[in-house]
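For reference, the chains in residue letters:
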Amino acid sequence: GGMEKNGAKASITDLCKVLSAGPLDPNVEVVVGCPAVYISFARDLLPASIGVAGQNAYKVKSGAFTGELAPSMLKDAGADWVIIGHSERRQIFGESDELIAEKVAFALSEGLKVIACIGETLQEREAGQTEAVCFRQTKAIAAAVKDWTNVVVAYEP
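We now turn to the structure provided with this report. Note that the coordinates shown come from a computational prediction; the quantities given were computed from them, not determined experimentally. (Residues numbered from 1 in each chain as written. Predicted model: local features only at pLDDT ≥ 70, side-chain atom pairs only at ≥ 80, totals over all residues. Heavy atoms only, no water.)

## Some remarks on the overall build of the protein chain
Reasoning step 1: Within the protein chain, the secondary structure is distributed over seven helices and five strands.
Reasoning step 2: If you list the helices and strands of the protein chain from N to C, you get α-β-α-β-α-β-α-α-β-α-α-β.
Reasoning step 3: Expected size for 157 residues packed as a compact globule is a radius of gyration near 15 Å; at 16 Å, the protein chain falls within 12% of this value.
Reasoning step 4: Over its C-alpha atoms, taken along the principal directions, the protein chain stretches across nearly 45 × 40 × 35 Å.
Reasoning step 5: Buried positions account for 38% of the 157 residues belonging to the protein chain.
Reasoning step 6: Looking at the protein chain alone, contacts between residues at least 24 apart form 65% of all its contacts between residues at least 6 apart.
Reasoning step 7: As displayed, the protein chain has an accessible area near 9100 Å², and 56% of this comes from carbon and sulfur atoms. (Helix = DSSP H or I, 4+ residues; strand = E, 2+ residues; numbered from the N terminus. Rg over C-alpha atoms; globule rule 2.2 N^0.38 Å. Buried < 20%, exposed > 50% of the residue type's maximum accessible area, 1.4 Å probe, protein only. Contact = heavy atoms within 4.5 Å. Areas by Shrake-Rupley, 256 points an atom, 1.4 Å probe, with all protein chains shown as cover.)

## Considering the pattern of salt bridges
Reasoning step 1: In total, this model carries nine salt bridges according to the counting rule given.
Reasoning step 2: For the salt bridge of R125 with E120, the shortest nitrogen-to-oxygen distance reads 3.0 Å.
Reasoning step 3: For R125, a relative accessible area of 42% puts it in the partly exposed group.
Reasoning step 4: For E120, a relative accessible area of 3% gives the class buried.
Reasoning step 5: One connected set of salt bridges, linked through shared partners, spans R89, E95 and K103. (Salt bridge = Lys/Arg side-chain N within 4 Å of Asp/Glu carboxyl O.)

## Some points on helix α1 (residues 8-21)
Reasoning step 1: Across its 14 residues, α1 extends 20 Å between first and last C-alpha, which sits within 8% of the 20 Å expected from 1.5 Å per residue.
Reasoning step 2: Here α1 has its buried residues at A8, I12, T13, C16 and L19. For α1, the arc enclosing every buried residue in end-on projection is 135°, short of the 170-degree limit, so these residues lie on one face. For α1, the exposed residues lying more than 90 degrees away from the buried face are K17, V18 and A21.
Reasoning step 3: Next to the buried residues of α1 lie β1 (31-33) and α2 (39-45).
Reasoning step 4: The first or second residue beyond α1 is G22, which carries a positive phi of 65°. (Expected span 1.5 Å × (residues − 1). Arc of directions from axis to C-beta.)

## Focus: the environment of K59
Reasoning step 1: Checked against the element boundaries, K59 lands in the loop between β2 (51-54) and α3 (71-77).
Reasoning step 2: Using a relative accessible area of 28% as the deciding quantity, one classes K59 as partly exposed.
Reasoning step 3: Through-space distance from the C-alpha of K59 to that of E102 is 6.0 Å; in sequence the pair is 43 residues apart.
Reasoning step 4: Beyond its immediate sequence surroundings of up to four residues, K59 is in contact with L99, E102, K103 and F106.
Reasoning step 5: Separated by 2.7 Å, the side chains of K59 and E102 make a polar contact. (Polar contact = N/O pair within 3.5 Å; in protein donor to acceptor, adjacent residues only side chain to side chain.)

So, in structure tokens, the structure goes:
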């Protein structure tokens, strides 16, 4: 989830303990997504076989974008994945399909694997627009991404 008011380190520690103890199916890739300030903390608690994901990254390497994170920063902190296009980023922060596509393409070019989120809102589902919305969101990403090797599409209604 997003932000927890208290005990974020404690809950990350608990989750990492459970995952580290296993047993995990060797055919399944496990990735822990956590707020950027805890990426190195989580990375240190986990075996190398478990990935760590940031929850967002910006579409350029550097510039006057105070508070935004470049993919290279996430990598420096120990992340190998980034989640982009989460429904909360789309709805609360107003991120467009095009911006998300640019962010996906840039994160890939910087060497991160991407969990690209698509999905309709409740209102869109009730209006029978699920398929159209998911198609539109995926089409925008497809226009910016040629190689899908390092992309996982997460459908999150």
